Structures are given as C-alpha cells and as structure tokens.
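Single-letter residue listing:
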Amino acid sequence: MTKEATIEQAAIDWLTDLGYTHKLGTGLPQNNTEVVLKEPLLAFIEKQYPNIPQEIQALAVAELTNNVGADLDHRNRDFHLKLTKGKEYAYEDVDGEEKAVHIYPIDFENPKNNAFWAVNQFSITGKNKRRPDIIIYINGLPLVVFELKNWYDDTTNLKEAHNQIGHYIKDIPVLFEYNAITVISDGNEAQHGMYSSGMEWYAAWKSINGVDTVQEDDFQMHTLLFGLFPKDRLLNYIKNFIFHEDHNGTLIKKGAKYHQFFGVAFAVEAAKKSVRPFGDGRIGVIWHTQGSGKSMSMAMYTGILRSLPELKNPTIIVQVDRSDLDIQLYENFVLAKDLVGDVQHAESTDHLRRLLSVGAGGVIFTTIEKFRLKQSTDEKLGELEHPTLSERENIIVMADEAHRTQYGLLDGFASNMRKALPNASFIGFTGTPIDSKDADTVEVFGNLIHVYDIKQAVDDNATVNIFYEPRLAKLHLWNEAIDSDVDEIAESAEDDPSLRWAAIEDAAGSEDRVNKIAADILRHYTTRTDTLEGKAMVVCMSRRNCVKMYNALTALEGCPEVAVIMTGNISKDPLSWNEHIRTKDATEGMKKRFRTPDDPLQIVIVRDMWLTGFDAPCVHTMYVDKIMRGHTLMQAITRTNRVFFDKRNGVIVDYIGIGDNLKTATSKYTQEGRKGKPTIDMEQALELFFNQIEKCKVFIPQDIDYSHWKALRDGDKLLLVKRAINVIIKSDEDSEDFMKAEKSLTSLLSIVKSQPAIQDFAIDVLFMQHVSKAVRNAKSVTSSRNDRKEKVKELISQSIDSEDIVDVFAMAGIERADISILDETFLLGAKQEKDGLALKIELIKNILKDEIKLRLHKNIKKYTSLREELEKVIDRYHSNALDSYATIAELISRAKDLQQEDERKQSLGLTDEELAFYDILAAKKDIIKEEGPIQDIVHGVVKAVKKNLQLDWTKKENAKAAIRLAVKKELRGKISISELNEIMQEIMLQAEGQFGEWSA
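Residues numbered from 1 in each chain as written. Predicted model: local features only at pLDDT ≥ 70, side-chain atom pairs only at ≥ 80, totals over all residues. Heavy atoms only, no water.

**Details of helix α19 (residues 543-554)**
An α-helical turn contains 3.6 residues, so a residue and the one three or four places further along point in the same direction. The test is simple: What counts as a helix is a DSSP run of H or I of at least four residues, what counts as a strand is a run of E of at least two, and both are numbered from the N terminus. Helix span is expected to be 1.5 Å times the residue number reduced by one. Whether a residue is buried, partly exposed or exposed follows from its accessible area with a 1.4 Å probe, protein chains only, as a fraction of its type maximum: under 20%, in between, or over 50%, in that order.
For α19, built from twelve residues, the straight-helix expectation of 16 Å at 1.5 Å per residue is met to within 8% by its first-to-last C-alpha distance of 17 Å. Across the twelve residues that make up α19, a large majority, nine, are buried.

**What about the packing of aromatic side chains?**
This is how the line gets drawn: Working definition: a ring pair exists when centres of Phe, Tyr or Trp rings (six-membered ring for Trp) sit within 6.5 Å. Plane angles under 30 degrees give stacked, over 60 give edge-to-face, the rest tilted.
Tallying each qualifying case throughout the model produces 28 aromatic pairs. Relative to Phe-229, the ring of Phe-146 lies with its centre 5.6 Å away and its plane at 45°, an arrangement referred to as tilted. Linking Phe-146 in strand β8 (residues 141-148) with Phe-229 in the loop between α7 (220-228) and α8 (231-240), this pair joins segments that are 83 residues apart in sequence. Under the relative-accessibility criterion, Phe-229 is labelled buried at 0%. Here the aromatic rings of Tyr-237 and Phe-241 are separated by 6.1 Å at their centres, their planes lie at 20°, and the arrangement is stacked.

**Focus on the confidence of the model for the protein chain**
Just so we agree on the cut-off: Every residue is assigned a pLDDT by the predictor, reflecting its confidence on a scale from 0 to 100. Should any heavy atoms of two residues lie within 4.5 Å, those residues are counted as being in contact.
The share of residues in the protein chain with pLDDT of 70 or more is 80%, and the mean pLDDT across the chain is 82. Contacts from residues 781-785, a stretch scored under 50 in pLDDT, to residues over four places away or in other chains number eight contacts. Ignoring residues within four places in sequence, the model shows residues 856-863, a span with pLDDT below 50, making 16 contacts including any to other chains.

**Focus: the nonpolar core**
As a reminder, the rule being used: Residues enter a nonpolar core if they are buried and are Ala, Val, Leu, Ile, Met, Phe, Trp, Tyr or Cys, with the set joined through side-chain atoms within 4.5 Å.
Judged by nonpolar contacts, the single largest core of 116 residues is most densely connected at Phe-229, Tyr-301 and Phe-333. Ranked by residue count, the leading element in this core is helix α9 (residues 258-274), at eight residues. Setting aside residues no more than four positions away along its own chain, Tyr-301 makes contact with Val-264, Ala-267, Val-268, Ala-271, Ile-283, Met-398, Ile-427 and Phe-429. With 34 residues, the next largest nonpolar core counts Met-682, Cys-696, Val-721 and Ile-725 among its residues.

**With respect to the packing of α7 against α8**
Applied cut-off: Lines fitted to C-alpha atoms define the axes here, with helix axes fitted over just the stretch in contact, and angles between the N-to-C directions of these axes take values from 0 to 180 degrees. Between 65 and 115 degrees an angle is taken as roughly perpendicular, under 35 as roughly parallel, over 145 as roughly antiparallel, and anywhere else as oblique. Gly counts as polar in this scheme, as do all residues outside two lists: the nonpolar Ala, Val, Leu, Ile, Met, Phe, Trp, Tyr, Cys and Pro, and the charged Asp, Glu, Lys and Arg.
With their axes 7 Å apart at the nearest point, α7 and α8 run at an angle of 80° to one another. The angle between the axes of α7 and α8 places the two elements in the roughly perpendicular class. Residues Phe-226, Gly-227 and Leu-228 of α7 lie in contact with α8, whose contacting residues are Arg-233, Leu-234 and Tyr-237. Counted by class, the contact of α7 with α8 contains four nonpolar, one polar and one charged residues.

**Observations concerning α7**
A large share of α7 lies buried, amounting to seven of its nine residues. Residues of α7 that are buried: Gln-220, Met-221, Thr-223, Leu-224, Leu-225, Gly-227 and Leu-228.

**Some words on the pairing of strand β23 (residues 601-606)**
For the record, the criterion: Here, any two strands with at least 2 DSSP bridges between them count as paired. The definition of a right-handed crossover adopted here requires that, viewed with the strands pointing away, the path from the first strand over the helix to the second runs clockwise.
Most of β23 is tucked away: six of the six residues are buried. Here strand β21 (residues 535-540) pairs with β23 via four bridges, running parallel. Within the sheet, the bridge partner assigned to Val-539 lies in β23 and is Val-606. Pairing between strand β22 (residues 561-565) and β23: five bridges, direction parallel. Of the residues in β23, the one forming a bridge with Ala-563 is Val-604. Where the polypeptide runs from β22 across helix α20 (residues 584-595) and back to β23, its parallel neighbour, the crossover connection is right-handed.

**Quick word on the environment of Ala-100**
By the element assignment, Ala-100 lies in strand β3 (residues 98-103). In sequence terms Ala-100 and Tyr-89 are eleven residues apart; their C-alpha atoms lie 5.5 Å from each other. Excluding its chain neighbours within four sequence positions, the residues that come into contact with Ala-100 are Glu-88, Tyr-89, Ala-90 and Tyr-91.

**As for the sheet that holds strand β17 (residues 395-400)**
Taken in spatial order, the seven strands line up as β15-β16-β14-β17-β18-β13-β19 in an open sheet, and their pairing is parallel. Lying at the two open borders of the sheet, with one neighbouring strand each, are β15 (343-345) and β19 (448-452). When the angles between neighbouring strand axes are averaged without regard to direction, this sheet yields 20°. The pairing of strand β14 (residues 315-320) with strand β16 (residues 363-367) spans five bridges and is classified as parallel. Across the sheet, residue Val-318 finds its bridge partner in β16, namely Phe-365. Running at roughly 150° to β16, helix α13 (residues 349-357) makes contact with β14, β15 and β16 of the sheet.

**Remarks on the environment of Cys-696**
Within the secondary structure layout, Cys-696 lies in helix α23 (residues 682-697). When its relative accessible area of 0% is taken as the criterion, Cys-696 is described as buried. For Cys-696 and Met-768, which are 72 residues apart along the polypeptide, the C-alpha to C-alpha distance reads 7.1 Å. Those residues in contact with Cys-696, other than ones at most four positions away along the chain, are Phe-738, Ala-741, Glu-742, Leu-745 and Met-768.

**A few points about the sheet that holds strand β10 (residues 190-193)**
Sheet architecture is open: six strands sit in the order β1-β4-β7-β8-β9-β10, paired in mixed fashion. Among the strands making up the open sheet, the edge pair consists of β1 (21-24) and β10. The sheet shows a mean angle of 25° between the axes of neighbouring strands, direction not considered. Strand direction decides the pairing type here: strand β4 (residues 116-120) and strand β7 (residues 134-138), joined by five bridges, are antiparallel. What sits directly across from Phe-116, in β7, is Ile-138.

**Points about a negative patch on the surface**
Test applied: Put simply, a patch holds well-exposed residues, over 30% relative accessible area, that have no salt bridge, with like charges counted together within 9 Å and Val, Leu, Ile, Met, Phe, Trp or Tyr side chains within 5 Å. Here the Shrake-Rupley method, with its probe set to 1.4 Å, supplies the accessible areas, and only the displayed protein chains count as covering residues. Each salt bridge in this description consists of a side-chain nitrogen of Lys or Arg and a carboxyl oxygen of Asp or Glu lying within 4 Å of one another. Charged residues are defined narrowly, with Lys and Arg counted positive, Asp and Glu counted negative, and His plus the chain ends left uncounted. For the purpose of locating charges, the reference atoms are NZ of Lys, CZ of Arg, CG of Asp and CD of Glu.
Taken together, the side chains of Glu-733, Asp-734, Glu-736 and Asp-737 present a region of like negative charge at the surface. Residue position: Asp-734 is located in helix α25 (residues 732-752).

**Some remarks on the pattern of salt bridges**
Side chains carrying opposite charge are able to pair once their charged atoms draw close together. If you walk through the whole model with that rule in mind, you get 37 salt bridges. A salt bridge links Asp-78 to Lys-82; its shortest N-O distance comes to 3.3 Å. Taken as a pair, Asp-78 and Lys-82 lie in helix α4 (residues 72-85) at a separation of four residues, close to a single helical turn. Asp-400 serves as the salt-bridge partner of Lys-294, at 2.5 Å between the closest nitrogen and oxygen. Here Asp-400 lies in strand β17 and Lys-294 lies in helix α10 (residues 294-307), a separation of 106 residues in the sequence. Overall, the relative accessible area of 13% leaves Lys-294 in the buried class. A cluster of three or more residues bridged by salt bridges with shared partners is formed by Arg-77, Asp-246 and Asp-338.

The structure is reproduced here in structure tokens:
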C-alpha cells in the first residue's frame, strides 16, 4: 500500500489545501518529553506584543504553558482558560511608568497572524513512547490530536482508534493538557470529540457550510476538515464552543456538535444585523429538536454575545415560562460559567426590577410571570402599566420554548416585558415546530435561523431513536343495570342533568383495566431491564388514574420502587392521596433520585409534570395511557431519546391509541423549515380588527364608561360587566351576535397583536372579552354536584372490565415489533395539518364571509342513557386504540388485493366496468351453454347495457325495461331460458350500482 493511499496522508494534503504548513515531527528540534514547541510560541508573542520587555515575553511563554491542577482534567481546564481568556501582566516601560498588557497565545481575531502546522511522525516519551498520527500545532501549542486507522484494513474500526486515545492519555498525559479537540477515524468514519469523552459522545461533522444540513454520501474526513478546520472556524470553535462543567470537583469537558456550531454562528450574525439600533430587535428563532443540546447552545450563544464589542457589554435575559424549567436551565448555565461568566437568578418581581435597573452587563434568569404588575395594598395603589426599567438597546432576551409565552403582546406578562424593556431585542430557542394558530413566532422573534429536526438528530446519534409498541386493553361494559344505579345516585338531582356525563372520560380508569395494564407494564419493564438497565415513566390521563396505577403496580410482586409525581389540591384531594403530594424541595429531591441511574427509584407515574424540560438520560421506556397531540406529545416522548451509555433507543408503549397522533406530530417534526409560504395582508387584517371593535361596541350601552378599566378595583369591574350583560342577555339573538362579534375580534387579535397600532385599543379588547365570557356563562348550564359526580366516576370505574392486553402488531399481522417513529411505514398516511399562516388566512376569509361559528356549553339531552353513552365511549376508545398499525396493515392488504385485481383484469382482457359482470357470469358458468371464453359474453352484455343508458334511467321503468330487453337479447341462446331471469336480476343490480349516476 503506497503512502499516498493512507487516510493520514489524505488528511495532511487537505490540511495543506486549507493553508496549514506540513511539518515532519522527526525534523523538529524538540526534547521528546515535552510537547509544546516554545520557540514558535515565543516568536508569536514577540511579534504580537513587540513593545513589552523581553522578560515579560519569556514569562508569558512559561506561565501560559505551565498548567496547574490536581489531575489531567483540571490542568486541561487551566490551560483552556488561559488560551481563550489570556493573562494580564504588569510591567514598567523605559520611562518607569507602570503599564499592563493582556497577552493571548493566539490571535483569535486575525487567523493569518498565527502559525498553523500539521505535524506527523512526532514521538513523545512518557510512561511509554507514543507517536500520534497527526498533531495540529497553533503557535507551537498542540491543540488537536488525530488518531487514524487504515481504511483498507478490515480488522480495525473507530472504536479501536478511540481506545488508542485512551492509552495515549495514560502513557503521554502531558499532550492532553493542551488538547482542545480529538479526532478519530477508521478511514470510512471520522468523528471529533473531547479527549475525555466516552465513545457515545464523539460525532461526525456533517456539513461544510452549515447551510446544507448534511453532506450526503460524503467522505467523512473530508467534510470534517473542510467543515471545522478552516483557520477562522477552528479558532472560533476553540474560543467559543468548548467549556468544562464542574460537578462537585469532577470536570466534564464538552464541545459543540456541528448543528450547535452553525446554529449559534448564524444566530450571532443575525444578532449583529437585528439588535437595536442596527435592526428591528427581532433576531430570529432556532429550532433544535428536544434532546439535541439546546441548553448548551444557549450558553454558547450567551458567551459570544457578551464578548461582541459592537454590543458594548450587553445584558442577556434568559426567560422561561415555568419555574422548574427556570431552575434547570439556570443550573445548566452555572455549569457553563467558563463561557457565560456569573449568572444571576431573579428570585422575585422586585429582585428582577433591581437587576434590570442597574448598568449594563450580566446574565439574568427569570420566569415570564415576574414581569407582573404590583397589586394595590393598604398603603399604596397598584400599577396600571408596567414601569420602564431600562431603555438600553444592548439588552437581549433569549426565550426558551419561544412559542409558549410570548404572544400576549396586547396585555399580560409578555406585554409588560416589552414595556419594561422597550428597546430590547429578542431571540427564541425551541425544541418543537412553531406553527399553530396562535403562535406568531416569526412576528415576535423573526425568521427561522437554523433547523435541526428529530430525524437529523437521530441520524447523527445526537439523540437515540424512539420505537413504538401499540398495545390494547380491550374494554367491555358488564353492568347492564348502570342506568338504574346512576339514577339512585342522582336521585333528587333533577336540576343537575349533566351529572351522568361527569366522568365518561374516565372509562380508561376502570379498575379492572388499570390492574391489567399495571401487570403488563411490570412484565414489559422487567423484560426490558433484563438486557438494558434504565428507568421508565408512566403517563396517565388524570391524577386519579395516576394514583390508581400506583396502587395497582405496587400491589404486584417484584415491583421496584415507584413514585407518583403530581401537584396537589388539599381542599379537594382525598386524604389517601396525601403521600403523593410533596413540597417543591421534596419534588426536587425525587427528581435528583430519578436522574441517578443506580438509585432504586425506577418508575415514576405522571400526568403533566416532568413531560417537558426534564432530562433524565437513563429513562429508556415510556408507558402512555393518555391521549396527547402535537408538540405536547412530542415533548413527552422525547424524555426517552437522550444519549446514555449503551442505550440504543427509547421505547414508547401505547395503551390508549396515540399512534395516529404520533404519526402526524412526527411528520411535522421532520419538516425542512418553511418555504414559499403565503403572506397575510396586514393592512386588511388591521382594518378588519378596527371595524370589529366598533361592531362589538354597538352592543355596549353608551352610559357604560370602561376607559379606566385597569384602574378599577375588582369589585367595580364586576359591577361594570354586570351592567353590560344585563342589557345584552335580554335578547338571545343579541347575546349570540355579541359573542360572535367578540370571537371574531379575538381571532383577529391573534393575527395583528404584534402591530404597534393596536396598543391604544387594549382596553376595548379586554372589556369585550370579559363581557363575552360573562354572557357565555349566563347562557350556559353549569353544575357543582361534585360529591355525586365522584360516585358516578366510581360506578363507571367498577362497571367496565378489561380483557387481556393485546399486542396490536400481532393483531395486525406485523411480525417486526421494533418500528421507529421515523420509519417510512410508520409515517405512511400522516395527516398534513394546515400551518399557522394558512389557518390565519382562512380565518380572515371566514370573518369576511361572516362564517365564524359559536359553540355554547350545552348539556347532552337529559334522558339519554348512560349505558348507551358509555358503549359509544368504549367504541371510540377501541377505534382510537386500533390505530396506525392496524390501519397500515389493512391498507397494505387492500393494496395487494387491488394489485391482484389489476393482474386479473389484464389476464382476462377486461376493463374495470366489465370485471364485475364477469364475476356474475363466471359464478354461474354451469348454466352457460355457449362454448368459448366467458369474456366474449361479458363484452356483449356491457355493450348492451351502455348502449341503452339515459339520464336518470334508474328512476324510469321504461328505460330499465329497454336495458333488460337488450341484455336478454344478448344472452338468448347462450343461457337457458329457465335460468335467465335469475341472472338478469344480478346483472341489473350491478348495472344500477355501476352506471346509476350515468350522464351523457
């Protein structure tokens, strides 16, 4: 094998193409027990800092290369901080004046000022003598190590290259004190990572420019070198995309994957153009799928923004919508302090205001609700408007999960934040797609900057694949007397017709069904953990069902430790639930236990908590018994997709029938950004909005003055609304027209709410919405018979039995059990939902056509049978649970039938129209007297029928008679007279079915 054919030589050639200088290690004048080339480093410092004394130059070389730390990881961190942040030196100039200089060993701003060498055949002596394949030196510092295996040797692989790095760390640890990036390759695959990382954290670099998501069928080493190793890009990566997390003295070194690097780099450029006063303050949105390192990207982005000179020491506000997400993200930023510096956490509204009222700089964490108005007290009136806290233009708000809390710009927390920080700029980070009817993400934040969807994350091993297993707990209603039983409970409740419908949705919580599912979960979980250690989550429809599932599971022999994680309401919850209600600190303690792989807490049961923003990489299975859709469903199931040691996939076991919803949601999560979308005529929408306000005002008596709405006490607001509805509800027609008018107004608000022109009409909208809700409630029947409802719930639970759990795959005849949610078969037939923009355009059309629909909360007919309704519920449950795979199996079967039909038609020489008539005659072939193929008779029969067709012939007896006569004439002599009438009846039925709607 020639030298030129090796991966090592190819890498050196490509690095040379990128402007690196190739050096043979054997020719370097260096003591092989040292790894730093001090002469090039000193030459760089002398050139960069020519005016400082030589002794300071020499001291800088010594100190920059002498690393402090108790172990290799701490020494590597010490060097990395000096490398990226430099060191300060004081000295006296020739005039005796005190001076200070900040010395960096690399010029990160001007790549051409640095010496980039690709060195091979460089031996290093430590515990053993070793010779890494290639070392990248920048200004004499060994920052990148390549370990390469021969592409043409089928006995080597990537794992061996990684294993060899491990030996180097033991044998020549001094090399890794300076290491920024490690590259391993077996020729076919090439991956980068941190020297201390396990194999699962190494990754391919799949894009050269970040614009094209991946290089298809690329040679990975080529893409890695041309994607990461251009000089300016490599320096950017080393300075801004590597950091060490300190976990109580244990360091974990992390570096960006390619999607994080490009996403953040593009967002930095977007900020330079969009931050005020350079732009309109809308930086954009980054959509990186759940589990792909979004928190890490946010920290890296923050670090870069803080260092940009054009932003003049900006303040970065990290805003989330829930306190548990706030704490988790805050803790991630604290771990990344090497990049972001110190971060502050707003503990209250007053604390947040103090933090924002001081000078520039810093990172502040807050929940959106801390931008609240102060309420009235005995000594002081409350606030009507949020005060302005800072008018600085170098404030940047980073919103986590951008499409959840940022749209109430007319009134509410988001509006308050804009008033508090009128010149701030905004960027959104999200793990879920962003189009829904009310999510004006682009209007609020700007365009999509970068997309990294779930399919790409799985392809890149940034997340693990998720497999889907549908299982069905079939139900039946055994209690035939349930109607009379519920009547006994509801006796003397004639005023409460809604009682018997109080708990139909709890059919899934029937005791027998829960017990059977619990047993199935334990069997499944035990089998799964026999071969793969890990934890599981169970998702139930209600808190009641969570407790039932807990009781059923813990009653089983061999059940591991289980906990219910849910909120509590001590005024309404049964005393028996008390053990499941915890303080905030106790819940955090459970969270830490569940995240710890070897902690005995193995299974948690949840309804909503921990389904978003909660990372526990050791979770590999989720048992779903709750209907979920869209981003709620995807956020839930991605709890199982985190990379963790030898975990190769997450598994979703479905007991309720979420398959079709999962197909639809997954297909949306694999889309490629938005292209060629129509736009909304905003002027038209604003005009409609202003007109709709006037339409609503018509219904409000003129003597009602609500202009000071925000300043009114709550009691006075109630009286004002009551005065308005007293007039409106006198007429059912007025009530309905007003509610329709307000619904149109609120719908239009979702389109125009980011427009400054609507701010003056906030009071009008708020008042109309309050009045409309009051009218709706006045026109709707309500019930508060909670005790009887609970009894009905229990009756339903006891009246529904479950059969054994059915494997839907087996039922559908599908042998392969492991089906990925990204599998093309799984995604077959996924519903294509309209995106947010299409919905809004349709909404405007409906408003223009006055087709807004109004739905009042009305009760089901009072005397309808509960038994009948429950049977319907069970039918719906089954049809939902026999979901995508049963459907797909049926589609495949039908497709095969159609294919066979096509083949039969071709072999018989018949048309579609003729085939059905052929089947009629072929079934009676024993009565056919004529020799020869039946097809010849069929041709004549169909021709006779079609020749005599006329408009509406099925309704005209004379027309039918004409066809009968023509067909009989065609069959006379070919079929016995005695049998002719019988076969004629079938032929005429087929003719009516096939040609009944004939038109000339």
